[in-house]
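Here are the chains, one letter per residue:
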Amino acid sequence: LRCRLYSTSLAKPHQVAIPTRCANLSHKAQHFPVPESMLQGACLQPYVHSCQVTVHEAQHTYWFCIFFKQHCYLPLNPALSAGGSLFQGDAAIMQLGEASHVVNMRGRDVAIADFMMAW
């Protein structure tokens, strides 16, 4: 599955494939992301925070899951530290579908995720 990665080692966010585990061998099985493999700083902060965000745009509703690490000793994130705010650590965003299952991010989802993280 694709997610949007806001890394401390990159100036801009990128679409990347995130490793997942599947509930069974079916192609339509629920996928469970493994964000620990994408986010840096495992020695300093071994756990990952997560939250769900709902974005309303006109008649459409979008659901995202944000996985992140934030700690004062993690490197400054250039993609998320703008406008006077500082974010130290990495973040990854995944699109949520029905029943809060993660799904691939499509074109419009990327723009909404970037807007949401810049706000």
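Our structure's up above, just so we're on the same page.
(A) Spotlight on the pattern of salt bridges. All told, the structure shown has 3 salt bridges when counted by the stated rule. Taking the shortest distance from any N to any O, the salt bridge between Arg 108 and Glu 57 comes out at 2.1 Å. Placement of the pair is Arg 108 in helix α1 (residues 107-118) and Glu 57 in strand β5 (residues 49-57), with a sequence separation of 51 residues. Notably, a salt bridge pairs Arg 106 with Asp 109, separated by 3.9 Å at the nearest N-O pair. On the basis of relative accessibility, which here comes to 52%, the residue Arg 106 falls in the exposed class.

(B) Highlighting α1. The end-to-end C-alpha separation of α1 is 17 Å, in line with the 16 Å expected for 12 residues at 1.5 Å each. Listed as buried for α1 are Asp 109, Val 110, Ile 112, Ala 113 and Met 116. On the buried face of α1, the contacting elements are β1 (2-6), β2 (14-17), β5, β6 (60-68) and β7 (91-96).

Reading guide: rules and limits
- Residues numbered from 1 in each chain as written.
- Predicted model: local features only at pLDDT ≥ 70, side-chain atom pairs only at ≥ 80, totals over all residues.
- Heavy atoms only, no water.
- Salt bridge = Lys/Arg side-chain N within 4 Å of Asp/Glu carboxyl O.
- Helix = DSSP H or I, 4+ residues; strand = E, 2+ residues; numbered from the N terminus.
- Buried < 20%, exposed > 50% of the residue type's maximum accessible area, 1.4 Å probe, protein only.
- Expected span 1.5 Å × (residues − 1).
- Contact = heavy atoms within 4.5 Å.

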